[in-house]
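Results of the structural survey
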Amino acid sequence: MVNSKGLNYGIIIDSHSLSKWQLSCMNKLSEKHDNLSLVLIEKNNKTERSGKNLLFNVSEQRLDRVLSRGKALSHLKNIYPDISVRCVDSKDVGGLVRYSPEDLEVIQDHHLDFIIRFTRSKLAADILTAPRYGVWAFQFSDITKYGGEVQGFWEVYNEEAVTKGYLVRLGHSKRRVEVLKMGIFSTISSSYFKNRKHLQTVIADWAALVSLTIKANTFSPMLVEINDRMIHHQTPTNQDYLIYIGKVIKHRTKKLFDLFFRYEYWNVGISNKPIESFISHSEAEVTWLLKEDNLYYADPFAYKKGDECYLMVEELDEKVVSGYLTRFTLKHGELSSIEKSVLKLPSHMSYPFILEDKGETYCIPETSEEREVAIYKLDKETGEWRKVKVLIRDFPAVDSTIIKHDGKWWLFCTNADHGSLRDLYIFHSKDLFGPWTPHLLNPVKQDVRSSRPAGTIFQKDRILYRPAQDCSLTYGGRISINRINVLTTNAYHEEVYTYINPQSNSLYSDGTHTISSVGNLTLFDGKRVDYSISNVVKKLFMIKHKLKRRAYNMISKVFSIHHVNGHKNVSKTNS
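Residues numbered from 1 in each chain as written. Predicted model: local features only at pLDDT ≥ 70, side-chain atom pairs only at ≥ 80, totals over all residues. Heavy atoms only, no water.

Observations concerning the overall build of the protein chain
- For the protein chain, the count of helices and strands is 10 helices and 33 strands.
- For the protein chain, with 575 residues in total, the buried portion stands at 52%.
- When the accessible area of the protein chain is evaluated, it comes to approximately 28100 Å², of which 51% is carbon and sulfur surface. (Helix = DSSP H or I, 4+ residues; strand = E, 2+ residues; numbered from the N terminus. Buried < 20%, exposed > 50% of the residue type's maximum accessible area, 1.4 Å probe, protein only. Areas by Shrake-Rupley, 256 points an atom, 1.4 Å probe, with all protein chains shown as cover.)

Focus: the side chain of Ser-400
- Counting through the fold element by element, Ser-400 comes out in strand β23 (residues 397-405).
- For Ser-400, a relative accessible area of 4% puts it in the buried group.

With respect to the nonpolar core
- Membership of the largest hydrophobic core comes to 35 residues, with the highest contact counts inside it found for Ile-11, Leu-76, Ile-116 and Phe-138.
- In this structure Phe-138 touches Trp-21, Cys-25, Ile-116, Phe-118, Tyr-166, Leu-167, Ile-203 and Trp-206, once residues within four positions along its chain are discounted.
- By size, the runner-up hydrophobic cluster in this structure holds 33 residues, among which are Tyr-351, Phe-353, Ile-354 and Ile-364. (Core = buried A, V, L, I, M, F, W, Y, C linked by side-chain atoms within 4.5 Å. Contact = heavy atoms within 4.5 Å.)

Some remarks on the side chain of Asp-258
- Within the secondary structure layout, Asp-258 lies in helix α9 (residues 238-261).
- Polar contacts involving the side chain of Asp-258 include one to the side chain of Lys-254, which spans 2.8 Å.
- Excluding residues that lie within four positions of it along the chain, Asp-258 makes contacts with Tyr-531 and Lys-539. (Polar contact = N/O pair within 3.5 Å; in protein donor to acceptor, adjacent residues only side chain to side chain.)

What about the pairing of β23?
- Counting buried positions along β23 yields 7 of 9 residues, so the element is predominantly enclosed.
- In this structure, β23 lies alongside strand β24 (residues 408-415), joined through 7 bridges in antiparallel fashion. Residue Lys-404 lies in a different strand from β24, and its bridge partner there is Trp-409.
- Linkage of β23 to β24, two consecutive antiparallel strands, is achieved through a turn of 2 residues, within which Asp-406 is found at a positive phi near 55 degrees. (Pairing = 2+ DSSP bridges.)

With respect to the sheet that holds strand β2 (residues 35-41)
- Strands sit in the order β3-β2-β1-β6-β7-β9-β10-β11 across an open sheet of 8 strands; the sheet is mixed. Whereas interior strands pair on both sides, the edge strands pair on one side only; in this sheet they are β3 (84-87) and β11 (222-225). Within this sheet the neighbouring strands show an average axis-to-axis angle of 30 degrees, counted without direction.
- One ladder, built from 8 bridges, connects strand β9 (residues 162-169) with strand β10 (residues 176-186); its direction is antiparallel. Directly across from Val-162, in β10, lies its bridge partner Ser-186.
- Contacts from helix α3 (residues 71-79) reach β1 (8-13), β2 and β3, with the element oriented near 160 degrees to β2. (Axes fitted to C-alpha atoms, helices over the stretch in contact; angles between N-to-C directions.)

Some thoughts on the packing of helix α1 (residues 20-31) against helix α8 (residues 206-215)
- Packing of α1 against α8 brings their axes to within 7 Å, and their N-to-C directions diverge by 30 degrees. Between α1 and α8, the interaxial angle falls into the category roughly parallel. The residues of α8 that touch α1, namely those facing Cys-25, Lys-28 and Leu-29, are Ala-207, Ala-208 and Ser-211.
- By residue class, the composition of the contact of α1 with α8 is 4 nonpolar, 1 polar and 1 charged. (Parallel < 35°, antiparallel > 145°, perpendicular 65-115°, else oblique. Nonpolar A, V, L, I, M, F, W, Y, C, P; charged D, E, K, R; others polar.)

Focus: α1
- Between its first and last C-alpha, α1 extends 17 Å over 12 residues, near the 16 Å set by a 1.5 Å rise per residue.
- Residues of α1 that are buried: Trp-21, Gln-22, Leu-23, Cys-25, Met-26 and Leu-29.
- Immediately beyond the C-terminal end of α1, within one or two residues, lies His-33, with a positive phi of roughly 70 degrees. (Expected span 1.5 Å × (residues − 1).)

Describing the environment of Ser-141
- Note on placement: Ser-141 falls in the loop between β7 (135-140) and β8 (146-147).
- For the pair Ser-141 and Thr-163, spaced 22 residues apart in sequence, the C-alpha separation works out to 6.0 Å.
- Sequence-distant contacts of Ser-141, defined by excluding residues within four places in its chain, comprise Tyr-146, Val-150, Gly-152, Glu-155, Lys-164 and Tyr-166.

Looking at the packing of aromatic side chains
- Within this structure, the stated rule accounts for 35 aromatic pairs.
- Between Tyr-192 and Tyr-244, the aromatic rings sit 6.5 Å apart at their centres with planes inclined by 85 degrees, giving edge-to-face as the arrangement. In this pair, Tyr-192 is assigned in helix α7 (residues 192-202) and Tyr-244 in helix α9, connecting sequence segments 52 residues apart.
- Through pairs of rings, three or more aromatic residues link up here, namely Phe-56, Phe-153, Trp-154, Tyr-157, Tyr-192, Phe-193, Tyr-241 and Tyr-244.
- Sitting over the ring of Tyr-499, Arg-478 keeps its end group 3.6 Å from the ring centre. (Phe/Tyr/Trp six-rings, centres within 6.5 Å; stacked < 30°, edge-to-face > 60°. Lys NZ or Arg CZ within 6 Å of the ring centre and 35° of its normal.)

Structure (structure tokens):
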């Protein structure tokens, strides 16, 4: 049961200015009916700028987006007319900021559920324990590895594959921290500015999501140990910044080269082992169904009919850069026939997830370009697929994967609007055909290494395991197997149990991103990366398709806005 009553919170700032992402954070809390009642202003404690950091500091000026001094509080008071603003009498005592007894009394009188610290000050214990659920702070970079306050720079500088962000509850321990929410994202290696902006964008709704866990009685901070040998990176020096520029040029050059000359080929294969056996295997063991090296077959799922096994796979038309579904027929483990285009739309189709229910066979393909999740039913006599219902409308679900567990249906997917790799969404329903309800905490997970579904969810020893893609180094690099610990309508928790790497001694050793099962047969796909001047033509088709798709999305968005505005006008007229 979720408590509908909003929480009462405060913020700590070190000046009269606020960043746009911080204002967005508060707006998200307001949408969840949480009330900002107290603003505490500390003395400006910005570090003095030094000539040795000149290049970085100059570049920062165009990055920081803040409301001008004096406008921030006016803006807040317009949104939250009842807030109290107090300039606190803070003193630095032994490296900790302490407030006066009068200030602490004011905080106690507001009966705050939590405070968000938007400063860099290290607060004393009496402040940290004043709100019911403590003082929260956003931290950037891997807290087990890095220290410092520069957001997202050192990951680009050190060429890290991922950048991490945290919302933590501040405490006394120097050896561990209470993590309320975390995310792991692909580092945008071509630009520190884009990497930082991305971080600030995705963290904006974290406080609101944690607030929901409190109201749902599922608030459960995670303790994370801090490395004793943590690297404390400070503001980049001029030399650091010049080295960073060199690395950015290198990454942008490689990105441009890959844009025209790099192409991915995919093949599908089988393994005569049950899917649950792969939680103890670190590498796929595959017999590839086709021997050619210039194929694009991926995302295999299967169903059986008598002695025959039918594989539904994605096939890509390189000229229109659009996928459709093809069917392979296996007899005694050997490929006997290929039927092309058994399911095809004007838009892209892939990931033909297969499920059985009440003696019927269904397919739920990925059709995110249609912004819907649709279910197709197999006609057992003709072998044709017929669309029977749209399960979820106006949501660009990617790689929808369904299980039935504890009397409910659960649908796992990512969101194409957010890049499709990082944000895990869950929907649930009492019936396969709906209605489907979004999980209270969507997105329940943000991790480029283990969010996007990668095949059949399976069970071993009464524990659920969910395959996901690890795209931290490359798209479809390997498969992570996640152990699901908690699955309810108000809570979700999983952890990576193991990884399955692509088969190293095969032609398709550059990636794998689907594992599925039919009986004791396990299906895989594999990736081969090719660099060739002949790939330029294929890449030009891809660029053309992306530009057309981007133009279509922009037109659709404009049309949708006009449609909504028109609907509002009609409503007002009728009222």
